[in-house]
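Residues per chain are reported as follows:
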Amino acid sequence: MEPGATPEQTAAVITEIENLGFTSHPIYGEHLTVVAVVGKHPGALREHFESLDGVSRVQLIDQSYKLVARAGREGSAFDVGGVTVGGGELVVIAGPCSVESEEQLMACARAAKAGGARLLRGGAFKPRTSPYSFMGLGERALELLAQAREETGLPVVSEVMDPRRVELLAQYVDMLQIGARNMQNFVLLAEVGQTGLPVMLKRGLAASIDDFLNAAEYIASQGNDRVLMCERGIRTFETTTRNTLDINAVPVLKRLTHLPVAVDPSHAAGERDYVAPLSWAAAAVGADVIMVEIHPTPSTALSDGGQSLDFASFAKLMDGLRGVPRYSYRSARAVEAE
Ligand code: PEP
Ligand code: MN
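Values in this document were obtained by computation on a predicted structure and should not be read as measured data.

Asks: I'm lost on the overall build of the protein in this one. Help?
Replies: Scanning the protein from terminus to terminus reveals 12 helices and 12 strands. Here the C-alpha atoms of the protein give a radius of gyration of 20 Å, agreeing with the 20 Å that 2.2 N^0.38 yields for 338 residues. A principal-axis box enclosing the C-alpha atoms of the protein has dimensions of 65 × 45 × 40 Å. Counting over 338 residues, the protein shows a buried share of 50%. Nonlocal contacts in the protein, meaning residues at least 24 apart in sequence, comprise 68% of its contacts between residues at least 6 apart. Entry remark: accessible area of the protein is about 15,200 Å², with carbon and sulfur atoms responsible for 51%. The protein carries 31 positive and 41 negative side-chain charges, and their two centres are separated by 5 Å.

Here's what the structure looks like:
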């Protein structure tokens, strides 16, 4: 739509799209409203759409992912329990890999808050490589997360693995997490898309950026485009670290999608000594969000202790992060537009 288009003009465009048998997905940005048209060959009606009142131009999107494609759009920002993600300010999510007990989670929540994290994470249902490993406390963990939010004011995020549990998780969390192993669980993606809750989608261990964006499109196609894309390391030939952080993914995703981008250095490295330097790299390259795992006593953690930071290391990481200059895609796009 034109920058000065009225809500009535936008509404009339949406009605026309629907009358012609297409689906419309309006995206309301800070400066511009974009109406995405999905259906068979809407491009054939390009001139017709262009002639409607208030329409600035019609852009055809070649990629298979249409709703999440950048396509000249400004970066999208959304609210997660009162915290803006994608709004230009770096948001840190911290918390334990798994919620283990009330004491452990409350201690993490307080340390996260004191260090400047804006959201609290904590696994309730855990995807574990071995079926004999700790699987999480389930609903009890969700109750504890809600209690921690109550006490600290930090919104909470937790992973959902099973489409049958989406409703349960949605009762407790401010953002749902889809884990790397479920990135292409299309039934689960559709289910979380229907909740309307923000979703942090983690990149699959061996997923290309194209696969990753198409997975986000599954969620968006359900009418929910509040998706946070999380790079968490991919499998490569390298064995000194658990995974290899694909730092390229940040600028590549910034170019290809309007969705905000997160980096999870904890799972990428699998080793706590690398978490601070990789977090700084993520901030510098312009990630919108960084997610790190913390634990009061990492050596006793029931999952991912080796990559979890104790509270003193977390505080140090956060102090250092404040001094890291961040690459800004806003200004880069402004330059492109000139
Ligand atoms: C996690 O965030 O605890 C997790 C299991 O991550 P991933 O799905 O990226 O392995
Ligand atoms: Mn973990």
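Asks: Can you walk me through the coordination of the manganese ion (ligand 2) in this structure?
Replies: Four donors placed tetrahedrally around a metal ideally meet at 109.5 degrees, and six donors placed octahedrally ideally meet at 90 or 180 degrees. Taken together, the protein ligands of the manganese ion (ligand 2) are Cys-97 (SG), His-267 (NE2), Glu-293 (OE) and Asp-304 (OD), with distances of 2.0 to 2.4 Å. Mapped onto the sequence, the donors of the manganese ion (ligand 2) take the spacing C-x169-H-x25-E-x10-D. In this pair, Cys-97 is assigned in the loop between strand 5 (91-95) and helix 3 (102-115) and Glu-293 in strand 12 (residues 289-293), connecting sequence segments 196 residues apart. With respect to burial, Cys-97 and Glu-293 carry one shared label: buried.

Asks: Honestly, the site of ligand 1 in this entry has me stumped. Any pointers?
Replies: The environment of ligand 1 is made up of 14 residues, and the closest members are Arg-121, Lys-126, Ala-180, Arg-181 and Arg-232. One of the side-chain N or O atoms of Arg-121 is found 2.8 Å from an oxygen atom in ligand 1. Out of a free accessible area of 290 Å², ligand 1 has 97% covered by protein chains. Looking at side-chain class alone, the shell around ligand 1 contains 4 nonpolar, 3 polar and 7 charged residues.

Asks: What should I look at first to understand the sheet that holds strand 7 (residues 156-159) in this one?
Replies: Across a sheet, strands are paired by hydrogen bonds formed along the backbone, either parallel or antiparallel in direction. Judged by pairing direction, the barrel is parallel, and its 8 strands sit side by side in the order 5-6-7-8-9-10-11-12 before closing back on the first. Going from strand to strand, the sheet's axes swing by 25° on average, the running direction of each strand aside. With 2 bridges connecting them, strand 11 (residues 261-263) and strand 12 associate as parallel partners. For Ala-262, the partnering residue across the bridge sits in strand 12 and is Val-289. Strand contacts of helix 6 (residues 186-193): strand 8 (175-178) and strand 9 (199-202), with the helix running at about 170° to strand 8, the strand carrying the most contacts.

Asks: Looking at this model, I keep getting lost on the environment of Leu-176. Mind explaining?
Replies: Considering the arrangement of structural elements, one finds Leu-176 in strand 8. Once residues lying within four places of it in the same chain are set aside, the contact partners of Leu-176 are Val-157, Ser-158, Val-160, Val-166, Leu-169, Ala-170, Val-192, Thr-195, Leu-197, Pro-198, Val-199 and Met-200.

Asks: What's the story with the environment of Glu-30 in this structure? I'm lost.
Replies: Relative to the helices and strands, Glu-30 resides in the loop between strand 1 (23-28) and strand 2 (33-38). The spacing of Glu-30 and Asp-62 is 32 residues in sequence and 25 Å in space, taken between C-alpha atoms. Setting aside residues no more than four positions away along its own chain, Glu-30 makes contact with Glu-74 and Arg-330.

Asks: How do you make sense of empty space enclosed by the protein when you look at a structure like this?
Replies: Left-over empty space is what a probe sized like a water molecule reveals as it rolls over the atoms. This model, assessed by the stated rule, comprises 1 cavity of 30 Å³ or more. The volume enclosed by the largest cavity comes to roughly 40 Å³. Every residue along the wall of the largest cavity is listed here: Arg-121, Gly-122, Gly-123, Phe-125, Lys-126, Ser-158, Glu-159 and Gln-177. Residue classes in the lining of the largest cavity are distributed as 1 nonpolar, 4 polar and 3 charged.

Asks: Would you mind showing me how to read the packing of helix 3 against helix 4 (residues 139-152) here?
Replies: Angle between the axes and distance between the axes are the two parameters that describe a pair of packed helices. Relative to each other, helix 3 and helix 4 sit at 35°, their axes nearing to 10 Å. As for how helix 3 packs across helix 4, the hand of that crossing is right-handed. In contact with Glu-102, Leu-105, Met-106, Ala-109, Arg-110 and Lys-113 of helix 3, helix 4 contributes Arg-140, Leu-144, Leu-145, Gln-147, Ala-148, Glu-151 and Thr-152. Residues belonging to the contact of helix 3 with helix 4 are distributed by class as follows: 6 nonpolar, 2 polar and 5 charged.

Asks: Teacher, can you tell me more about the packing of aromatic side chains here?
Replies: What characterises a pair of aromatic rings is the spacing of the ring centres plus the angle enclosed by the ring planes. This structure, assessed with the given rule, holds 3 aromatic pairs. Ring plane angle 65° and centroid distance 6.2 Å describe the contact between Phe-22 and Phe-49, whose orientation is recorded as edge-to-face. Residue Phe-22 is located in the loop between helix 1 (7-19) and strand 1, and its partner Phe-49 is located in helix 2 (residues 46-50); the two are separated by 27 residues in the primary sequence. You'll find Phe-22 and Phe-49 in the same group, each marked buried. For the ring pair Tyr-327 and Tyr-329, a centre distance of 4.9 Å and an interplane angle of 65° mean the geometry is edge-to-face. Take Tyr-327: its relative accessible area is 45%, and that puts it in the partly exposed class. Overall, the relative accessible area of 15% leaves Tyr-329 in the buried class.

The rules we used
Residues numbered from 1 in each chain as written. Chains lettered and ligands numbered in written order. Predicted model: local features only at pLDDT ≥ 70, side-chain atom pairs only at ≥ 80, totals over all residues. Heavy atoms only, no water. Helix = DSSP H or I, 4+ residues; strand = E, 2+ residues; numbered from the N terminus. Rg over C-alpha atoms; globule rule 2.2 N^0.38 Å. Buried < 20%, exposed > 50% of the residue type's maximum accessible area, 1.4 Å probe, protein only. Contact = heavy atoms within 4.5 Å. Areas by Shrake-Rupley, 256 points an atom, 1.4 Å probe, with all protein chains shown as cover. Lys, Arg positive; Asp, Glu negative; His and termini not counted. Charge placed at Lys NZ, Arg CZ, Asp CG, Glu CD. Donors = N, O, S within 2.8 Å, 3.2 Å for Na, K, Ca; no water. Near = heavy atom within 4 Å. Polar contact = N/O pair within 3.5 Å; in protein donor to acceptor, adjacent residues only side chain to side chain. Nonpolar A, V, L, I, M, F, W, Y, C, P; charged D, E, K, R; others polar. Pairing = 2+ DSSP bridges. Axes fitted to C-alpha atoms, helices over the stretch in contact; angles between N-to-C directions. 1 Å grid on protein atoms, 1.4 Å probe; cavity = no way out; pocket = protein on both sides within 12 Å on 5 of 7 lines; lining within 4 Å. Points joined across faces, edges and corners; volume = space filled by probe spheres on them. Left-handed = near helix turned anticlockwise from the far one by under 90°. Phe/Tyr/Trp six-rings, centres within 6.5 Å; stacked < 30°, edge-to-face > 60°.

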